Amino acid sequence: MLPIPVPPPSVLLCTLNARYIHAALGLRCLLANMGGLRAATALREFTVNRAPDLIVQDLLQLLGPQLAGRRQVLGFGVYIWNVTQTCAVLRLLCRQRPDIRVVLGGPEVSYEWEQQEIVALADHVITGWGDVSFPKLCQALLHGPQPLMKVISGEQPALDALVLPYREYSDTDLAHRVLYVEASRGCPFKCAFCLSSLDKTAWAFDLDRLLAELGILFARGARSFKFVDRTFNLKIDASVRILQFFLDHLAEAGPDGLFLHFEVIPDHLPERLQQLIAQFPPGVLQFEVGIQSFNPAVQLAISRRQDNARTEANLRWLLRHSHAHLHTDLIFGLPGEDLHSFARGFDRLHALGPHEIQLGLLKRLRGTPIARLTEAFGMVYDEAPPYAMRQSAVLAAEQVQAFVRMARYWDLVANSGRFRRSLVLLLGIRDEPLDTAGASGSDAGTAHQASPFAAFWRFSAWLWARDGQTAGITPETLVDRLFDYLHGHCGLDADVCRAALLADYRHSGARARPECLRLVWPQDMPAPTAAKRALAARQLMHRVPALDTGDA
Ligand code: SF4
């Protein structure tokens, strides 16, 4: 029997994700709320790595040929990480099928849209929330009356009025991708660099409805949940209920276990929450903790309210009394923060011992209030996405470039978790002050107390001068470079360095024999077990992606 032909959709929802494992929550929210158009709506996701012409081929095939009298809508979710590629797709697609009505939504086109090429290519833009406005616009585009406005301000409905999107996750999504879920939207805080600061408040979904949907996902086999709430620990009653829900399901999770990711503010961890957090076994909880800066003057400038002493106490408690994996964030280049101030913040955070410190460079996201600080703090940003800061009144361009390289090396050496013993040696080298070459700030060139930051900064400068690359560095090359630096450049004992590097390398499960370890390579080196390989793959899958612009 011939397969029944599927009619092309009237509405096609599309986005380009940063990685395959990211299943777009926003598009699934739109899909779930299409009402009478749900059956005629399809969803197609790509990754930013796919060539634009191949994406266009796929989309045109899905949409079918142009037919007289047939109207179709193509909706794109546009974000900082995909705006360039989405624009390239639209340039091609609009030439081939000018009849298709293109609608854009997402944070990247919700603010400062007037000058954007991608907006010029589209028929309509919905700014802000799209859950209600997008289906209404599609209805009008398909069945009339035709909308008059190109840019439509998205209507914000009560969250209880929305259909929850979780049944739109397919079985393949459940099996292979991280499932994004949300218990609330918005944030009451006002950090100037963050888009959520425009929300002024947070809105919560009805927890009974949400937990019922999570129960269905769990019964279908979902085991990885990433909460996108800006501040998971804002309303403790809700946080407690969600954690209790997962504790109650822990025993059913099976051999693959459970993985939960939450963004939390660091200075709010009441005892009720602590008691629940302490009950989770290793490997389940991951907290993304935005610190951003420990400098009170910088915090004041960017309107970030943060109790530094309580932050430190809470991080210490989490590290001592829970098994949560702590992924902490610092932002380099905030208004008024120079290299020394950042170094002090890094050292303060590093002394607490979080599992990861993500070193991010400040970006001027469209619409964020940080634009108001540009002149006063001499901020210079890239014109193109992701709008990275390039220099400030207290940071020279060379220092920013050096930081970007250091952040990359820090990821490879420290955040990868592959060099725990060697990193102790590396960060223990404290015989030179921080190199401030290129600084234009008032304290440029002043002596600086030696620090782990300074130690890694120097290693980073040495590695860059030696190889001139930050990408394509194999673990084996990194082992050899670390040996050259620790022993050859810094004069540490060769046996001590080899012992640390060998232990790290064996522990990582790699077996390709770096040059510097040939002399000490054990003959009986066992192959990595399947369980170890699976654990490494799982850890890699859940690492917080660099392009994730969410910050708590
Ligand atoms: S950085 Fe975090 S706490 Fe600050 S406004 Fe954004 S989401 Fe809220």
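Our structure's up above, just so we're on the same page.
Parameters and conventions
- Residues numbered from 1 in each chain as written.
- Predicted model: local features only at pLDDT ≥ 70, side-chain atom pairs only at ≥ 80, totals over all residues.
- Heavy atoms only, no water.
- Pairing = 2+ DSSP bridges.
- Helix = DSSP H or I, 4+ residues; strand = E, 2+ residues; numbered from the N terminus.
- Axes fitted to C-alpha atoms, helices over the stretch in contact; angles between N-to-C directions.
- Contact = heavy atoms within 4.5 Å.
- Buried < 20%, exposed > 50% of the residue type's maximum accessible area, 1.4 Å probe, protein only.
- Core = buried A, V, L, I, M, F, W, Y, C linked by side-chain atoms within 4.5 Å.
- Right-handed = clockwise from strand over helix to strand, strands pointing away.

A few points about the sheet that holds strand S6 (residues 151-153)
Read from one edge of the open sheet, 6 strands run S2-S1-S3-S4-S5-S6, paired in parallel fashion. Looking at strand neighbours, the two that pair on one side only are strand S2 (41-47) and S6, the edges of this open sheet. Here the average twist between neighbouring strands, direction ignored, is 20 degrees. Where strand S3 (residues 73-77) meets strand S4 (residues 101-105), 5 bridges bridge the pair, whose relative direction is parallel. Residue Phe-76 lies in a different strand from S4, and its bridge partner there is Leu-104.

Topic: the environment of Arg-498
Note that Arg-498 resides in helix H17 (residues 494-508). Residues Arg-498 and Leu-519, 21 residues apart in the sequence, show an inter-C-alpha distance of 9.3 Å. Not counting chain neighbours up to four residues away, the residues in contact with Arg-498 comprise Phe-483, Cys-516, Leu-517, Leu-519 and Val-520.

Regarding the side chain of Glu-312
For Glu-312, the position within the fold is in helix H11 (residues 308-321). Overall, the relative accessible area of 14% leaves Glu-312 in the buried class.

Things to note about unusual backbone geometry
The residue after Gly-144, namely Pro-145, is reached through a cis peptide bond having omega -5 degrees. For Pro-145, the location among the structural elements is in the loop between helix H5 (133-143) and S6. Located in the positive-phi region is Glu-112, a residue other than glycine, with phi close to 45 degrees. By secondary structure assignment, the location of Glu-112 is in the loop between S4 and helix H4 (117-121). Look at Ser-303: it is not a glycine, yet its phi comes out positive at around 60 degrees. Looking at the element boundaries, Ser-303 is found in the loop between helix H10 (296-301) and H11. The class for Ser-303 is partly exposed, based on a relative accessible area of 42%.

Overview of the sheet that holds strand S13 (residues 325-332)
What the 6 strands build is an open sheet, ordered S7-S10-S11-S12-S13-S14; its pairing is parallel. Single-partner strands in this sheet number two, and they are strand S7 (179-181) and strand S14 (356-361). Sheet twist, expressed as the mean angle between neighbouring strand axes with direction ignored, is 25 degrees. Sheet topology places strand S12 (residues 285-292) next to S13; 6 bridges connect them, and they run parallel. Within the sheet, the bridge partner assigned to Val-289 lies in S13 and is Thr-328.

Points about the nonpolar core
When a protein is soluble and globular, its nonpolar side chains tend to lie buried together. Within the largest apolar cluster, 118 residues are counted, with the highest numbers of intra-cluster contacts made by Leu-214, Phe-225, Phe-246, Phe-262, Phe-287, Leu-359 and Phe-456. Broken down by element, the residue count for this core peaks at 10 residues, all from helix H13 (residues 397-415). Filtering out sequence-adjacent residues up to four positions away, Phe-262 remains in contact with Phe-227, Phe-232, Ile-242, Leu-243, Leu-285, Gln-286, Phe-287 and Glu-288.

Considerations on the environment of Gln-156
Summarising the element assignment, Gln-156 is placed in the loop between S6 and helix H6 (171-176). Classification of Gln-156 as partly exposed rests on a relative accessible area of 39%. Considering only alpha carbons, one finds Gln-156 and Asp-131, 25 residues apart in sequence, at a separation of 8.0 Å. Gln-156 has contacts with Trp-129 and Trp-203, leaving out every residue within four places of it along the chain.

Re the pairing of S14
Counting buried positions over the 6 residues of S14 gives 6, a clear majority of the element. Where burial is concerned, the two faces of S14 agree: the one with Glu-356, Gln-358 and Gly-360 and the one with Ile-357, Leu-359 and Leu-361 are both buried. Here S13 runs beside S14; their pairing, made up of 6 bridges, is parallel. Looking across to S14, one finds that His-327 is bridged to Glu-356. The parallel pair S13 and S14 is bridged by helix H12 (residues 339-352), and the resulting crossover is right-handed.

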